[in-house]
Amino acid sequence: MDFDLPEEMTALREMARKFAAEEIGPHAREWDRTGEIPMDAIKKMGELGFMGTLAPTDLDGAELGYLGNAIVIEEVARQCGGTALMLAAHNGLCQGHMLVAANDEQRKKFIPPLARGEMLGSWCLTEPSSGSDAAALQTRAELKGDEWIINGSKMFITNGDRAGVFIVMARTSDESKTKGISAFIVERDRAGLSIGPKEDKMGMRASDTVPVTLEDVKVPKENLCGELNMGFIDTLKVLERGRIAIGALSTGLGRGAMEEAVSYAKDREQFGKPIIQHQMLQFMLADMAMEIDAARLLVRKAALLQDSGNPSEVESAMCKLFASEMATKACLNAIQICGGYGYTKDMPMERLMRDAKLCEIGEGSSQVQRIVIARKLLDLRKGA
Ligand SMILES: Cc1cc2nc3c(=O)[nH]c(=O)nc-3n(C[C@H](O)[C@H](O)[C@H](O)COP(=O)(O)OP(=O)(O)OC[C@H]3O[C@@H](n4cnc5c(N)ncnc54)[C@H](O)[C@@H]3O)c2cc1C
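Owing to the predicted nature of the structure, the values given are computational and were not obtained by experimental measurement.

Another point: the site of the ligand. Taken together, the neighbourhood of the ligand is formed by 18 residues, with Thr126, Ser132, Phe156, Thr158 and Ser365 sitting nearest. Between the ligand and the protein, one listed contact pairs a nitrogen atom with a backbone N or O atom of Phe156 at 2.9 Å. Contact between the ligand and Gln367: an oxygen atom at 2.8 Å from a side-chain N or O atom of the residue. Relative to its unbound accessible area of 970 Å², the ligand is 64% covered by the protein chains. Among the elements of the structure, strand E1 (120-124), strand E3 (147-158) and helix H11 (366-383) are those that each provide at least two residues to the shell around the ligand.

Next comes the structure, spelled out in structure tokens:
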């Protein structure tokens, strides 16, 4: 077993680290305040392949695989959680669903502009009354002639404020809860699609989150994405992969908090010496370093399983659960190490902490990840 990254992945990490430190980090506080990532920053990320990390090169993607995607997301999150969340939803959820389920014609039409960063993508599963119990969704699609008519409300949609295309999950049969849902590609300019105001969130503020309403939205028959009534089964595959990115995002946030705390603690003096020389703080940092490394290893295990064509349901749940809870803890301890200064907006820890908390909620809460892991564990025991 080789724990070193392949050469091309090391080069990718160095490139992403440099770009994020120079082009994202200096603006992260401002983007958190304004609630917007400027389009020219998105364009630059498009030029580097960050907007098409998973898409194949023949569709203008960078084809970096799940390991490469995790590396990019960790480096971007190290500087700005909101920018990393924008990337995770755009690549892993919107394009991710197309890569799982779309036909060749749909891929050729929609993926290249997304992968080049000319257009943002959103993925619409959650509704006002269905979150963790996502299959209870109430949005409906009915086939009339050659068109699907979609009606419903979606909630908490990342990138929705500016997205050019939405993947919308809707009920197409009442025969089965999970095998009665289909996915549709809905272009932004379809009549009846309306975007609500941005949520005033605690963290991940650079990334927009909006409600999306569909009132008699008509899309052509060919906009069905994947097999009829199998959209929820595809959704589970998308989430299995997407959770790896949230694990990587959390790892980046935890690392950011630790690096900032180390740098501050070397300079700050109390009781006649730099506070880093107080052993109690060293132990807090040692725990952070160990847990960040453990999180990254779990992320890489799940990513490598996907890259070798294997399922990673439990590994994805484990990496997301461990990394997100680690990140919140690391950020809180980093604030503690920086004392009153860490509690102000002059230092990045409070922003990283607000960003980290989302990772315990989105793409399946910590409770849902524990359900996924326990379910598999119980099945294994039954089989043993
Ligand atoms: C910033 C942000 C961005 C998001 N982006 C997207 C997006 O792009 N697309 C999209 O479709 N959705 C998105 N979401 C929605 C997100 O996936 C949901 O918020 C999440 O799945 C939880 O659903 P909920 O908020 O309805 O909470 P609920 O499901 O109502 O859960 C509330 C609490 O109950 C707990 N709970 C629920 N069921 C159980 C159970 N069986 N056992 C134990 N505890 C349980 C949960 O863990 C949680 O603690 C986003 C959310 C946020 C906040």
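Residues Met45, Leu87 and Leu249 are the most contacted members of the largest nonpolar core, which totals 72 residues. The element that contributes the greatest number of residues to this core is helix H7 (residues 231-267), accounting for eleven residues. Of the residues that make up this core, three or more belong to each of domain 1 (7-120) and domain 3 (232-383). If you look at the next biggest cluster of nonpolar residues, it comprises 28 residues, including Met98, Phe110, Ala115 and Ala135.

Reported here for the largest pocket is a volume of approximately 1,300 Å³. Around the largest pocket, the lining comprises 42 residues; the ones closest to its centre are Thr126, Ile361, Gly362, Glu363 and Gly364. When contributions to the lining of the largest pocket are tallied by element, the ones reaching two or more residues are helix H5 (81-101), E1, E3, H7, helix H10 (349-359) and H11. Take the lining of the largest pocket: its biggest share by element is six residues, from H7. Here the residues of the lining of the largest pocket are counted per class, giving 21 nonpolar, ten polar and eleven charged. Roughly 340 Å³ of volume is contained in the second largest pocket.

Moving on to empty space enclosed by the protein. In this structure the tally under the stated criterion is three cavities of 30 Å³ or more. By volume, the largest cavity is sized at about 40 Å³. Ala70, Ile71, Glu74, Ala248, Thr251, Arg296, Val299 and Arg300 together form the lining of the largest cavity. Of all the elements in the fold, those that place two or more residues in the lining of the largest cavity are helix H4 (65-79), H7 and helix H8 (279-307). Viewed by domain, the lining of the largest cavity spans two of them, domain 1 (7-120) and domain 3 (232-383), each represented by three or more residues.

Time to look at unusual backbone geometry. A positive phi angle, close to 60°, is found at Phe156, a residue other than glycine. In this structure, Phe156 sits in strand E3. Not every positive phi belongs to a glycine, and Glu363 is a case in point at roughly 55°. Of note, Glu363 is situated in the loop between H10 and H11.

Counting across every chain of the model gives three aromatic pairs. For the ring pair Tyr264 and Tyr341, a centre distance of 6.3 Å and an interplane angle of 40° mean the geometry is tilted. Pair noted here: Tyr264 is in helix H7 and Tyr341 is in helix H9 (residues 313-342), with a separation of 77 residues, a long-range link.

Turning to the pattern of salt bridges, a few remarks are in order. Any two side chains of opposite charge can pair if their charged atoms end up close together. Evaluation of the coordinates by the stated rule reveals 31 salt bridges. For Arg370, the salt bridge is made with Glu325, and the minimal N-O distance between the two is 3.0 Å. Here Arg370 is found in helix H11, whereas its partner Glu325 is found in helix H9, with 45 residues between them in sequence. Sharing partners across several salt bridges, the network here consists of Arg17, Glu74, Glu75, Arg78, Arg255, Glu259, Glu260, Asp293 and Arg296.

On to the pairing of strand E2 (residues 140-144). One ladder, built from five bridges, connects E2 with E3; its direction is antiparallel. Pairing of Leu143 across the sheet is with Trp148, part of E3. Hairpin connection from E2 to E3: two residues lie between these consecutive antiparallel strands, with Gly145 at a positive phi of about 65°.

Let's shift gears to a negative patch on the surface. A contiguous patch of negative charge on the surface is contributed by Asp104, Glu105, Asp146, Glu147 and Glu222. Mapped onto the elements of the fold, Glu105 is located in helix H6 (residues 104-115).

Take H5 next. Between the first and last C-alpha of H5 there are 28 Å, a value that for 21 residues agrees with the 30 Å anticipated at 1.5 Å per step. When the local axis directions of H5 are compared, the greatest deviation, roughly 35°, occurs at Gln95.

Right, let's talk about the environment of Cys80 for a bit. With respect to the helices and strands, Cys80 occurs in the loop between H4 and H5. A sequence separation of 16 residues divides Cys80 from Leu64, and the C-alpha atoms of the two residues are 21 Å apart. Setting aside residues up to four positions removed in sequence, Cys80 forms contacts with Ile24, Ala28, Ala206 and Arg351.

The subject of this paragraph is the state of the cysteines. Any covalent bond linking the sulfur atoms of two cysteines counts as a disulfide. Considering all chains together, one arrives at zero disulfides under this definition. There is no disulfide at Cys338, and the cysteine sulfur nearest it, in Cys331, is 11 Å away.

This part is about the domain arrangement of the protein chain. Structurally, the protein chain comprises domain 1 (7-120), domain 2 (122-231) and domain 3 (232-383). Tallying the contact residues gives 28 residues for domain 1 and 24 residues for domain 2. Across the domain 1/domain 2 interface, buried area totals approximately 2,200 Å², and carbon plus sulfur atoms make up 62% of it. When residues of domain 1 are sorted by the area they lose upon contact with domain 2, His97, Gln106 and Leu120 head the list and together hold 27% of the total. At the boundary of domain 1 and domain 2, one finds three salt bridges. With a shortest N-O distance of 4.0 Å, Lys109 and Glu187 are connected by a salt bridge. Here the element with the most residues in the side of domain 1 that touches domain 2 is H5; it accounts for twelve residues. The residue makeup of the side of domain 1 that touches domain 2, split by class, is 18 nonpolar, seven polar and three charged.

Conventions used here
- Residues numbered from 1 in each chain as written.
- Predicted model: local features only at pLDDT ≥ 70, side-chain atom pairs only at ≥ 80, totals over all residues.
- Heavy atoms only, no water.
- Near = heavy atom within 4 Å.
- Polar contact = N/O pair within 3.5 Å; in protein donor to acceptor, adjacent residues only side chain to side chain.
- Areas by Shrake-Rupley, 256 points an atom, 1.4 Å probe, with all protein chains shown as cover.
- Helix = DSSP H or I, 4+ residues; strand = E, 2+ residues; numbered from the N terminus.
- Core = buried A, V, L, I, M, F, W, Y, C linked by side-chain atoms within 4.5 Å.
- Buried < 20%, exposed > 50% of the residue type's maximum accessible area, 1.4 Å probe, protein only.
- Domains from an automatic or database assignment.
- 1 Å grid on protein atoms, 1.4 Å probe; cavity = no way out; pocket = protein on both sides within 12 Å on 5 of 7 lines; lining within 4 Å.
- Points joined across faces, edges and corners; volume = space filled by probe spheres on them.
- Nonpolar A, V, L, I, M, F, W, Y, C, P; charged D, E, K, R; others polar.
- Phe/Tyr/Trp six-rings, centres within 6.5 Å; stacked < 30°, edge-to-face > 60°.
- Salt bridge = Lys/Arg side-chain N within 4 Å of Asp/Glu carboxyl O.
- Pairing = 2+ DSSP bridges.
- Patch = residues over 30% accessible without salt bridge, like charges linked within 9 Å, V, L, I, M, F, W, Y side chains within 5 Å.
- Lys, Arg positive; Asp, Glu negative; His and termini not counted.
- Charge placed at Lys NZ, Arg CZ, Asp CG, Glu CD.
- Expected span 1.5 Å × (residues − 1).
- Bend = angle between axes of the 7 residues up to and from the residue.
- Contact = heavy atoms within 4.5 Å.
- Disulfide = S-S within 2.5 Å.
- Buried area = accessible area lost by both parts, 1.4 Å probe.

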